[in-house]
There are 2 protein chains.
Amino acid sequence: MALDNIFSSLKKAQAELALQNRGQKDAALKAVMDAIEKGRGAILKANAADVEKARAGGMKEALVDRLLLNDKRINDIIEGIDTVVRQEDPIGKVQAGWVLPNGLQVERTTVPLGVAAIIYESRPNVTADAFSLAYKAGCGILLRGSSAALESNRSLVKAIKEGLNAGGGISDALALAESGSRDEVDEILSARGKIDVVLPRGGKDLIRRVVENAKIPVIETGEGNCHIYVDSSADIINAVDIIENAKLQKPGACNAVETVLVHRDIAAVLLPLLAKRLAGKVELRCDNFAKAAVGAPPQSLLLKDAAEEDWETEFLDYILAIKTVDTLEEAVTHINRYGTKHSEAILTNDHRAAEEFERRVDAACVYTNASTRFTDGGQFGFGAELGISTQKFHARGPMGLEALTTIKYRIHGTGQIRP
Amino acid sequence: MALDNIFSSLKKAQAELALQNRGQKDAALKAVMDAIEKGRGAILKANAADVEKARAGGMKEALVDRLLLNDKRINDIIEGIDTVVRQEDPIGKVQAGWVLPNGLQVERTTVPLGVAAIIYESRPNVTADAFSLAYKAGCGILLRGSSAALESNRSLVKAIKEGLNAGGGISDALALAESGSRDEVDEILSARGKIDVVLPRGGKDLIRRVVENAKIPVIETGEGNCHIYVDSSADIINAVDIIENAKLQKPGACNAVETVLVHRDIAAVLLPLLAKRLAGKVELRCDNFAKAAVGAPPQSLLLKDAAEEDWETEFLDYILAIKTVDTLEEAVTHINRYGTKHSEAILTNDHRAAEEFERRVDAACVYTNASTRFTDGGQFGFGAELGISTQKFHARGPMGLEALTTIKYRIHGTGQIRP
């Protein structure tokens, strides 16, 4: 189908979906869960074809792993839809209501944002996650996955549509953009009045391209140059555990730590312990003071001098930059300069320092005494997530259903006119 | 000052302002009210110079009136700031808070959006309105008024800054862009990372230009192709009153009605009365059925055939388009096709019809039995307003302080790491 026909079909379906209540939407989503279960074999087969083609084309194994589906991952997809079913309906909530002096009754209610488009890379689970959140929020969704995952996505979308049809749902509320061309993306990014928001989900280049070219609203996601600041009052053992976790539990995640800022008063105690813990696993890029504080490094430690660009880089790798600071103020200034407003942490036993850090750091999520790895819709209890917004406009931080809503004022009168 | 220096000065000032509490911000705003009172003579003098220049340059009197300040309007400006002082502080509110199974405490709090820019036409009161709302919301603001109002704006900004200095405020939290060049606007629209949102406030061309060129978030305001649908069950006399009010109380306002949709069952009763009421004041552009229903028109009535473009046009003038429909469904379809999602009304005594209309019409404000002219921050009780958002993203409808806020998650742990 030509993209323009898809746009109008989505818009029409969305207008109907917007009127459905929670019971209707949940019943349809449950039928989708059944349909994916029933389609498991076909989905795995389609995915195997994508994977085979990707390997034949020389795709790196790490990327193949993102593309790969197996029984466990199909289970996760089904479970993800179930968590969305269990979420409250975000639509039709009365956020506020008041009566004006002239007797007009004003109600502020939540309504669906409209039709969303998601442009994403190879992970096929995003197909089901994005669909289920959009459906529950009463939104249409255009899925534009990577061409490497085309067969998997086709097969998933087919199962979803079968489920919607079986469960009394509206199967035109989702559509897959299949051409894989750049033109297709450009057409989506220019669809003013047809697509209400576009969500790029993937690498930095994809996000930048979308942000720079979109003529429709975008929610930027994902880039995370995250910091942990270890205050002079921090618990040292705990600090080593948290830094290790924030770096190593999943180095390729956007909420992994990239630079640790250490108060100079504790550098000589903390850094040798940290170096020992990370030796053989993580390359450290240190400023001079930090390098001196590490002392005689363990033999297996990769220790380098930090360069200016290290402060700016989201490594997404087994690399950690370390900078020492004299004050909390200096740490905050560094973070507000180099950070991407994603997730920032302070480790401290000083409540005033924590409060100051929380107030001054400009980021979606600010942590005291915890790993930055918790910035995640699932961890936050939102069920599936649309991504993590790194912008301040419309949505910020892990995005669940609310990011796909807007408001409508309903005003009830008895013939009022304006004097 | 070069614009780039202004950007960094605003950002720095905003970071400080973000930390101030309500008492500090209100004290500064009260001092600004005093300073404007004290500067009244100088402001009026500067305005007189702008007005003289405008008239000499051949500006139309309607536009000169927008530019003009007088004692009454200065009073209104001061009173507008007072309403902002009386508003609750939108910052630092805990919107939600919960504890995760691992003991992490998550709090969702409101914080300032950052630095806003407003690009507006000649009305100098916007200078004070926009400043006071931004200041109360902890935001910096860049004011880019029209060059016709330059002396007035300079004089107002001078008084505001004097007030801020006298009241312990942060006078760098506002700045006036003075060059008046197109390049200046382009530089503002490209200021990614420096300006967090831009608000165009003025005519359609200005808004379109900003929306099409901005590389930073925009809130579209103002264009209102508003409708009133008169259902077959409506009270006829009341309908005539409401339509007259919505068209004539201020025809140049964005919330004035432009097209009336009339159920054919009552057209023959309503339209002759409406024609009589509007004769000599408003030109009617009718479809065939409506024209026939008007019957023998009063002599002073200007009656024309409606053309397709009349359904699309925001007249902002003494012109009203009239279309007849057979069903509510037809009215809703027309509105969702031609409307600008601003303000839409149904006049009816049928609750089901009202409910159906409210649910199906996609607009910021949907009225039952009232004039569309109430869509306004002041009327809604928000104090001053930044404008009326006609988009669904981030802010919708009359915008008060909330439109200048975003959220920050504060997460408190005791050493949690992600398993």
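Scoring rules and cut-offs
Residues numbered from 1 in each chain as written. Chains lettered and ligands numbered in written order. Predicted model: local features only at pLDDT ≥ 70, side-chain atom pairs only at ≥ 80, totals over all residues. Heavy atoms only, no water. Pairing = 2+ DSSP bridges. Helix = DSSP H or I, 4+ residues; strand = E, 2+ residues; numbered from the N terminus. Axes fitted to C-alpha atoms, helices over the stretch in contact; angles between N-to-C directions. Contact = heavy atoms within 4.5 Å. Least-squares fit on C-alpha atoms with pLDDT ≥ 70 in both. Expected span 1.5 Å × (residues − 1). Buried < 20%, exposed > 50% of the residue type's maximum accessible area, 1.4 Å probe, protein only. Parallel < 35°, antiparallel > 145°, perpendicular 65-115°, else oblique. Left-handed = near helix turned anticlockwise from the far one by under 90°. Nonpolar A, V, L, I, M, F, W, Y, C, P; charged D, E, K, R; others polar. Buried area = accessible area lost by both parts, 1.4 Å probe. Salt bridge = Lys/Arg side-chain N within 4 Å of Asp/Glu carboxyl O. Polar contact = N/O pair within 3.5 Å; in protein donor to acceptor, adjacent residues only side chain to side chain.

(A) The sheet that holds strand β5 (residues 174–176) of chain B, seen in detail. Residue and element names in this part refer to chain B. Reading across the sheet, the four strands line up as β5-β4-β3-β6 and stay open at both edges, with parallel pairing between neighbours. What marks the edges here is a single partner per strand, and that holds for β5 and β6 (197–201). With strand direction ignored, the average angle separating the axes of adjacent strands in the sheet is 15°. Sheet analysis places strand β3 (residues 115–120) next to strand β4 (residues 140–144), joined by five bridges and oriented parallel. Within β4, the position partnered with V115 by the bridge is G140. Here helix α6 (residues 125–136) sits on the sheet in contact with β3, β4, β5 and β6, set at roughly 165° to β4. Here helix α7 (residues 150–166) sits on the sheet in contact with β3, β4 and β5, set at roughly 160° to β5.

(B) Spatial organisation of the relation of the copies chain B and chain A. Of the two same-sequence chains, chain B is brought onto chain A (RMSD 0.0 Å, axial shift 0.0 Å) by a rotation of 180°. Within this description, the copies of the chain are treated as partners about a two-fold rotation axis. The C-alpha atom lying nearest the rotation axis in chain B is that of H394(B); the distance is 1.9 Å. A share of 100% of the interface residues of chain B reappears at the interface of chain A, consistent with the copies meeting face to face through the same patch.

(C) The arrangement of α6(B) in detail. All names here are of chain B. With 12 residues, α6 extends 17 Å from end C-alpha to end C-alpha; this agrees with the ideal 16 Å at 1.5 Å per step. The buried fraction of α6 amounts to 11 of the 12 residues, a majority that puts the element mostly inside the structure. Among the residues making up α6, those that are buried are V126, T127, A128, D129, A130, F131, S132, L133, A134, Y135 and K136. Following α6 by one or two positions, G138 has its phi on the positive side, about 75°.

(D) Examining the packing of helix α2 (residues 22–38) of chain B against α6(B) more closely. All names here are of chain B. The N-to-C vectors of α2 and α6 enclose an angle of 160°; their axes lie 10 Å apart at closest approach. As the angle between them shows, α2 and α6 are arranged roughly antiparallel. In this structure, the crossing between α2 and α6 has a hand that is right-handed. Facing α2, whose interface residues are R22, K25, D26, A28, L29 and V32, α6 presents F131, S132, Y135 and K136. Of the residues contributing to the contact of α2 with α6, the split by class is five nonpolar, one polar and four charged.

(E) The arrangement of the interface of chain B and chain A in detail. Across the boundary between the two partners, chain B contributes 67 residues, which contact 67 residues of chain A. For the pair chain B and chain A, the summed buried surface comes to about 5800 Å²; carbon and sulfur atoms form 51% of the total. For the interface between chain B and chain A, the tally reads 12 salt bridges. Salt-bridge contacts for E358(B) lead to R410(A); the nearest nitrogen and oxygen are separated by 2.9 Å. At the boundary of chain B and chain A, one finds 49 residue pairs in polar contact (both at pLDDT 80 or more). Within the residue set of the side of chain B that touches chain A, elements represented by two or more residues are β2 (105–112), α10 (236–248), α15 (351–360), β13 (365–370), α16 (377–380), β15 (397–399) and β16 (405–416) of chain B. At 11 residues, the largest contribution of residues to the side of chain B that touches chain A is made by β16(B).

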